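Observations on the model geometry
What follows is the residue order along each chain.
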Amino acid sequence: MTRFVKFIGGFAVAAALVLPMTAQADDKDVIDYRENVMKTLEAQTASLGMIASTQVPPDNLVQHTEAIALMAKAAKKSFEAKVLGGEAKPEVWANNADFTKKMDDFVAKTDILAKSAKTGGVPVVMEQMVDALTCKGCHDVYRNKK
Amino acid sequence: MTRLLQFAAGLAFAAVATLPATVHATDSTDVIDYRKNVMKSLSAASAGLNAILQGKAPAENLVLQAETLRIIATTALIAFEPNVEGGDSKPEVWAKWADFSAKMKAFEAGTADLAKAAKEGGVAAAQGKVQAALTCKGCHDVYRVPKK
């Protein structure tokens, strides 16, 4: 019995040592991650906006649209875990079909925007960005007011 | 002479009227705001990637996150090219431009390597590259005004 207890004890220690590598995200981690994704999106969108309004040169146009398209995909995934808190309203999960539809739309349109930036440059991006960056449409319904 | 003045004034007006469509980055605030946006997104994207590597965020996003970081890293040096002091940047950025730009290019190469590892080998491979790629502190210690 003592040997068995020692074995179990040793196993628990080994498990604890390995745990940090495979740790499950707690609620704070889930919220922090989605906030990081949204911060990246916000800063990249602001950068793209500055190019569109000719405040800065357009050298980085394609990169900003590509980063936005990638982060749009990351954003959808980051809200899959139903963890209330942060700036997200409970409606994200209560009206999840609508939220997901809006996210899918955002993913699809930012993907098109990134492709357009490569082929058509600033003029085409300016035409499409209002339709692609529908941030406010989602924030008005699903984000707590700042 | 009056006609010439009128013509010159008209020309000047026309130039100003068409300026917003063609002018770029003449305002120092815009230059500083732009590079701050780039650095903010780098900071958030790095934090997101680290969360994945620590098992705190979905591993499914690893490639997206690493690729985003790689892409944004390629925009940083351009953002600092205009010699506009201010924001969190020390004057040394431009005084030691050769060193600064070498560090930025190393950062670009490191994040490209990291993104490739993430695509080919997943979390384990990315963990092996992250320290060499995210050398943020090495640059910030020299070129960024310490935060209060």
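Residues numbered from 1 in each chain as written. Chains lettered and ligands numbered in written order. Predicted model: local features only at pLDDT ≥ 70, side-chain atom pairs only at ≥ 80, totals over all residues. Heavy atoms only, no water.

**Structural notes on the overall build of chain A**
Within chain A, the regular secondary structure consists of 6 helices and 0 strands. Counting only residues that meet the buried cut, chain A has 38% of its 146 residues in that class. Once local pairs closer than 6 in sequence are excluded, the contacts in chain A between residues at least 24 apart make up 72%. Carbon together with sulfur atoms contributes 63% to the accessible area of chain A, which is approximately 8,200 Å² in total. (Helix = DSSP H or I, 4+ residues; strand = E, 2+ residues; numbered from the N terminus. Buried < 20%, exposed > 50% of the residue type's maximum accessible area, 1.4 Å probe, protein only. Contact = heavy atoms within 4.5 Å. Areas by Shrake-Rupley, 256 points an atom, 1.4 Å probe, with all protein chains shown as cover.)

**Topic: the nonpolar core**
In terms of nonpolar packing, the biggest core is built from 66 residues, with Leu-48 of chain A together with Leu-49 and Phe-100 of chain B touching the most fellow members. For this core, the element with the highest residue contribution is helix α3 (residues 62-80) of chain B, accounting for 11 residues. Those residues in contact with Leu-49 of chain B that sit more than four places away from it in its chain are Leu-62, Gln-65, Ala-66, Leu-69, Leu-114 and Val-130 of chain B. (Core = buried A, V, L, I, M, F, W, Y, C linked by side-chain atoms within 4.5 Å.)

**What to know about the confidence of the model for chain A**
Put simply, chain A has an average pLDDT of 88, and 84% of its residues get 70 or more. Overall, residues 7-22 of chain A carries pLDDT values under 50, and its contacts beyond four positions in sequence, including any with other chains, amount to 2 contacts. (pLDDT = per-residue confidence, 0-100.)

**Side note on the layout of surface pockets**
Remark: the empty space left among the atoms is shown by a probe the size of a water molecule rolled over them. For the largest pocket, the calculated volume is near 790 Å³. Met-39, Lys-40, Ser-43, His-140 and Arg-144 of chain B are, among the 31 residues lining the largest pocket, the residues nearest its centre. Per element, the largest residue contribution to the lining of the largest pocket is 9 residues, and it comes from helix α2 (residues 28-53) of chain B. Classifying every residue of the lining of the largest pocket by side-chain character gives 14 nonpolar, 8 polar and 9 charged. Within this model, the second largest pocket holds a volume of roughly 550 Å³. Lining the second largest pocket are 24 residues, with Met-38, Phe-79, Glu-87, His-139 and Arg-143 of chain A sitting closest to its centre. Within the residue set of the lining of the second largest pocket, elements represented by two or more residues are α2 (27-52), α5 (96-132) and α6 (135-142) of chain A. When residues of the lining of the second largest pocket are assigned to their parent elements, the largest contribution, 7 residues, is made by α2 of chain A. A class-by-class count of the residues in the lining of the second largest pocket yields 11 nonpolar, 5 polar and 8 charged. (1 Å grid on protein atoms, 1.4 Å probe; cavity = no way out; pocket = protein on both sides within 12 Å on 5 of 7 lines; lining within 4 Å. Points joined across faces, edges and corners; volume = space filled by probe spheres on them. Nonpolar A, V, L, I, M, F, W, Y, C, P; charged D, E, K, R; others polar.)

**A word on the packing of aromatic side chains**
Residue and element names in this part refer to chain B. This model, assessed by the stated rule, comprises 5 aromatic pairs over all chains. Note on Phe-100 and Tyr-143: the rings are 5.1 Å apart at their centroids and 80° apart in plane angle, and the pair reads as edge-to-face. Note that Phe-100 is positioned in helix α5 (residues 97-133) and Tyr-143 in helix α6 (residues 136-143), a separation of 43 residues in sequence. The burial state of Phe-100 is the same as that of Tyr-143; both residues are buried. An aromatic cluster is defined as three or more aromatic residues linked by ring pairs; in this entry it consists of Phe-80, Trp-97, Phe-100 and Tyr-143. (Phe/Tyr/Trp six-rings, centres within 6.5 Å; stacked < 30°, edge-to-face > 60°.)

**A word on the pattern of salt bridges**
All names here are of chain B. As enumerated under the stated definition, the model contains 17 salt bridges over all chains in all. With its nearest N and O atoms 3.0 Å apart, the salt bridge here joins Asp-99 to Lys-103. Taken together, the positions of Asp-99 and Lys-103, both in helix α5 and 4 residues apart, correspond to about one turn of that helix. Among the ionic pairs, Asp-113 bridges to Lys-129, the shortest N-O distance being 3.3 Å. For Asp-113, a relative accessible area of 37% translates into the label partly exposed. (Salt bridge = Lys/Arg side-chain N within 4 Å of Asp/Glu carboxyl O.)

**Points about the interface of chain A and chain B**
Listed per partner, the contact involves 34 residues of chain A and 35 residues of chain B. Across the interface of chain A and chain B, roughly 2,700 Å² is buried in total on both sides, 61% from carbon and sulfur atoms. Taken together, chain A and chain B are joined by 1 salt bridge. Between Glu-60 of chain B and Lys-77 of chain A there is a salt bridge, with its nearest N and O atoms 3.1 Å apart. Counting every contact that joins chain A to chain B gives 10 residue pairs in polar contact (both at pLDDT 80 or more). Listed by contribution, the elements that provide at least two residues to the side of chain A that touches chain B are α1 (2-22), α2 and α3 (61-78) of chain A. Here the element with the most residues in the side of chain A that touches chain B is α2 of chain A; it accounts for 12 residues. In terms of residue class, the side of chain A that touches chain B is made up of 17 nonpolar, 11 polar and 6 charged. (Buried area = accessible area lost by both parts, 1.4 Å probe. Polar contact = N/O pair within 3.5 Å; in protein donor to acceptor, adjacent residues only side chain to side chain.)

**Quick notes on α5 of chain A**
Given a rise of 1.5 Å per residue, 37 residues ought to cover 54 Å, yet the end C-alpha atoms of α5 of chain A are separated by just 20 Å, more than 12% below that figure. Within α5 of chain A, the axis deviates most sharply at Gly-120 of chain A, by approximately 140°, and proline Pro-123 of chain A lies no more than four positions further along. (Expected span 1.5 Å × (residues − 1). Bend = angle between axes of the 7 residues up to and from the residue.)

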